[in-house]
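# Residue-level structure breakdown
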Amino acid sequence: MAEVVSPVPGAGRREPGEVGRARGPPVADPGAALSPQGEIIEGCRLPVLRRNQDNEDEWPLAEILSVKDISGRKLFYVHYIDFNKRLDEWVTHERLDLKKIQFPKKEAKTPTKNGLPGSRPGSPEREVPASAQASGKTLPIPVQITLRFNLPKEREAIPGGEPDQPLSSSSCLQPNHRSTKRKVEVVSPATPVPSETAPASVFPQNGAARRAVAAQPGRKRKSNCLGTDEDSQDSSDGIPSAPRMTGSLVSDRSHDDIVTRMKNIECIELGRHRLKPWYFSPYPQELTTLPVLYLCEFCLKYGRSLKCLQRHLTKCDLRHPPGNEIYRKGTISFFEIDGRKNKSYSQNLCLLAKCFLDHKTLYYDTDPFLFYVMTEYDCKGFHIVGYFSKEKESTEDYNVACILTLPPYQRRGYGKLLIEFSYELSKVEGKTGTPEKPLSDLGLLSYRSYWSQTILEILMGLKSESGERPQITINEISEITSIKKEDVISTLQYLNLINYYKGQYILTLSEDIVDGHERAMLKRLLRIDSKCLHFTPKDWSKRGKW
């Protein structure tokens, strides 16, 4: 869930599938194009002036979602088409290009996607771009160094292909429908396979040796490793066919109406930080008109004014999140909070998190959830940095439901630390885990980065035994890291490490990938120390422990 996010909310950044935007310095003409009633109405589309991340003026197309009048001056709430909703804002009349205004057409039936209502007629849903297809590469002649690895026992046929047709990395990236199962057969036409083993090779590239590590998929899998299947991390823009309707924050877009599309909180003061919310959060209606919403940084209770907060602090005894401290190293601590035992704190945490998570809908049933809050300690107490939640019982191997790093602490390595901690808990539990889908755009980037660095760290740490080249399987990578096999395979495909040579799957690490990984690891200073974790998993199937 979050999710892990960047400090500057993507100003000027284009999203996948984004179309070009209108540019130029049009001059607003107040009487150029108005409705028959003589006013700009909700649902109109027109270019709006904004500053991009390079501090340059641009005129992207935007939709008017709401109009309000303050002291005789009209303000317009606009959503920039093909931009993330966190960039939505109130603008004045002077920033509108009325010469190019498009009035809404008569309402038709809103198209649906997977049985869930789409967005309102004025803002059609953005199409989910198809997965990028990797280009096939011609493999050079191998040197005489071999490596042995296990081939999968179960073999499957490629539909529409020859029985001995090799599977290239590009064919694994073809999108397909969920109702069609595409299977892969691993064969060795050139060499017999004694005892289910086969040789693989190390390949040179551009004069520089490339490491080769043999891989075994070890499971039946669909070939759309990076498609829109719910088991892939690329499903961040997809809509689950059957969203889970329990818990605190769920993946459900059926309530995406005109109210929830607009930010309702202007500013939040949390400790020494002032946060500007990105999205709608269902705080009480009477608080949405306040210029600043004040929160206690320890219990997260909200107040109308600074005086209310100061009065509350004289009575609030908390200096850390409620619950058990299960990890501490240096100034970083993690607290485990039961959503049933600490219901008020959990609900307030969800309200705060919803300000920065758009792809979730908030519910107040926090009983089935555990919350893991990361804090930073100083002389005044333990200050919340971020959190993630997980179900006490997950039938789909989810180890994270929602995840968020608060904006003041982003781009400092805390996001990956939260992700690493979630997998450390999975290791103690003896399970493999995956985050709940869909991920947000920034959450997807963070998870991809973590998966890539963790898997490359395993592959580069392999050592040869008895003069033979190292060998490893997908299952072994999954067991070592607690990353679910589907995420391991999709990450290897994303990095384009899997190649097919002489009937075998091999992993090749180029010097560029190795150098890039080493540079990235030098910047990653914050790591979880398993020796500092004091955690005993519970059997939540016994309801008495709830």
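Source: prediction; values computed, not measured.

## Description of empty space enclosed by the protein
- In this structure, the largest cavity occupies an estimated 50 Å³ of space.
- Lining the largest cavity, in full, are Leu 270, Gly 271, Arg 272, His 273, Glu 297, His 383, Ile 384 and Tyr 409.

## Remarks on the packing of helix α4 (residues 441-460) against helix α5 (residues 474-481)
- Packing of α4 against α5 brings their axes to within 11 Å, and their N-to-C directions diverge by 115°. Relative to α5, the element α4 lies roughly perpendicular. For the pair α4 and α5, the crossing hand works out as right-handed. Between α4 and α5, the residues in contact are Thr 454, Ile 455, Ile 458 and Leu 459 and Ile 477, Ile 480 and Thr 481, respectively.
- Grouping the amino acids of the contact of α4 with α5 by side-chain chemistry returns five nonpolar, two polar and no charged.

## Brief notes about the nonpolar core
- Among the nonpolar cores identified, the biggest contains 80 residues, and Phe 334, Leu 352, Phe 421, Leu 459 and Leu 492 are the most heavily contacted of them.
- Per-element tally for this core: the top contributor is α4, with 10 residues.
- Two domains share this core, each providing at least three of its residues, namely domain 2 (262-317) and domain 3 (320-443 + 510-530).
- When neighbours within four sequence positions are excluded, Leu 352 is seen to be in contact with Ile 268, Leu 270, Tyr 283, Leu 295, Leu 300 and Leu 406.
- Core analysis: the second largest hydrophobic core is formed by 15 residues, Ile 40, Val 48, Leu 87 and Val 91 among them.

## Thoughts on the packing of aromatic side chains
- Counting across every chain of the model gives 18 aromatic pairs.
- Geometrically, the ring pair formed by Phe 369 and Phe 371 is tilted, given 6.4 Å between the ring centres and 35° between the ring planes. For the residue pair Phe 369 and Phe 371, the accessibility class agrees, reading buried in each case.
- Each ring, one from Tyr 377 and one from Phe 382, has its centre 4.7 Å from the other, and the planes form 45°; the classification is tilted.
- You can call Tyr 377 partly exposed: its relative accessible area is 42%.
- Linked through ring pairs, Tyr 327, Phe 334, Tyr 372, Phe 388 and Phe 421 together constitute an aromatic cluster.
- One cation-aromatic arrangement involves Lys 68 over Trp 90; the distance from NZ or CZ to the ring centre is 4.2 Å.

## Examining the confidence of the model for the protein
- Taken over all residues, the pLDDT of the protein has a mean of 73, while the share at 70 or more is 64%.
- Confidence drops under pLDDT 50 across residues 117-211; counting only partners more than four residues distant or on other chains, this segment forms 198 contacts.
- Across residues 216-247, where pLDDT falls below 50, the model places 108 contacts with residues more than four positions away in sequence or in other chains.

## Structural notes on the sheet that holds strand β25 (residues 402-405)
- Taking strand neighbours across the sheet as the criterion, the five strands line up as β19-β20-β22-β23-β25 in an open arrangement whose pairing is antiparallel. Since the sheet does not close on itself, it has two edges, and those belong to β19 (324-329) and β25, each with one partner. If you compare each strand with its neighbour and ignore which way they point, the axes differ by 20° on average.
- Where strand β22 (residues 369-378) and strand β23 (residues 381-391) come together, 10 bridges link them in antiparallel fashion. Looking at β23, one finds that Asp 378 is bridged to Gly 381.
- Helix α3 (residues 414-429) rests against β19, β20 (332-338), β22, β23 and β25 of the sheet, and its axis sits at about 55° to β23.

## What to know about α3
- Here α3 contains 16 residues, and its C-alpha end-to-end distance of 23 Å stays within 8% of the 22 Å for a straight helix at 1.5 Å per residue.
- Of all the 16 residues making up α3, 12 are buried; the element is thus mostly covered by neighbouring parts of the structure.
- Residues of α3 that are buried: Tyr 414, Gly 415, Leu 417, Leu 418, Ile 419, Glu 420, Phe 421, Ser 422, Tyr 423, Glu 424, Leu 425 and Ser 426.
- Of the residues flanking the end of α3, it is Gly 430, one or two places downstream, whose phi is positive at about 70°.

## Concerning unusual backbone geometry
- Residues Lys 437 and Pro 438 are joined by a peptide bond in cis, for which omega reads 0°.
- Relative to the elements of secondary structure, Pro 438 occurs in the loop between β26 (434-435) and α4.
- Despite not being glycine, Leu 300 shows a phi value in the positive range, around 65°.
- Tracing the backbone through its elements, the reader meets Leu 300 in the loop between β17 (293-295) and β18 (302-303).
- Even without glycine at this site, Asn 496 takes up a positive phi of about 60°.
- Structurally, Asn 496 can be placed in the loop between α6 (485-494) and β27 (498-501).
- Asn 496 gets classed as partly exposed once you look at its relative accessible area, which sits at 24%.

Here is what the cut-offs are and how they apply
- Residues numbered from 1 in each chain as written.
- Predicted model: local features only at pLDDT ≥ 70, side-chain atom pairs only at ≥ 80, totals over all residues.
- Heavy atoms only, no water.
- 1 Å grid on protein atoms, 1.4 Å probe; cavity = no way out; pocket = protein on both sides within 12 Å on 5 of 7 lines; lining within 4 Å.
- Points joined across faces, edges and corners; volume = space filled by probe spheres on them.
- Axes fitted to C-alpha atoms, helices over the stretch in contact; angles between N-to-C directions.
- Helix = DSSP H or I, 4+ residues; strand = E, 2+ residues; numbered from the N terminus.
- Parallel < 35°, antiparallel > 145°, perpendicular 65-115°, else oblique.
- Left-handed = near helix turned anticlockwise from the far one by under 90°.
- Contact = heavy atoms within 4.5 Å.
- Nonpolar A, V, L, I, M, F, W, Y, C, P; charged D, E, K, R; others polar.
- Core = buried A, V, L, I, M, F, W, Y, C linked by side-chain atoms within 4.5 Å.
- Buried < 20%, exposed > 50% of the residue type's maximum accessible area, 1.4 Å probe, protein only.
- Domains from an automatic or database assignment.
- Phe/Tyr/Trp six-rings, centres within 6.5 Å; stacked < 30°, edge-to-face > 60°.
- Lys NZ or Arg CZ within 6 Å of the ring centre and 35° of its normal.
- pLDDT = per-residue confidence, 0-100.
- Pairing = 2+ DSSP bridges.
- Expected span 1.5 Å × (residues − 1).

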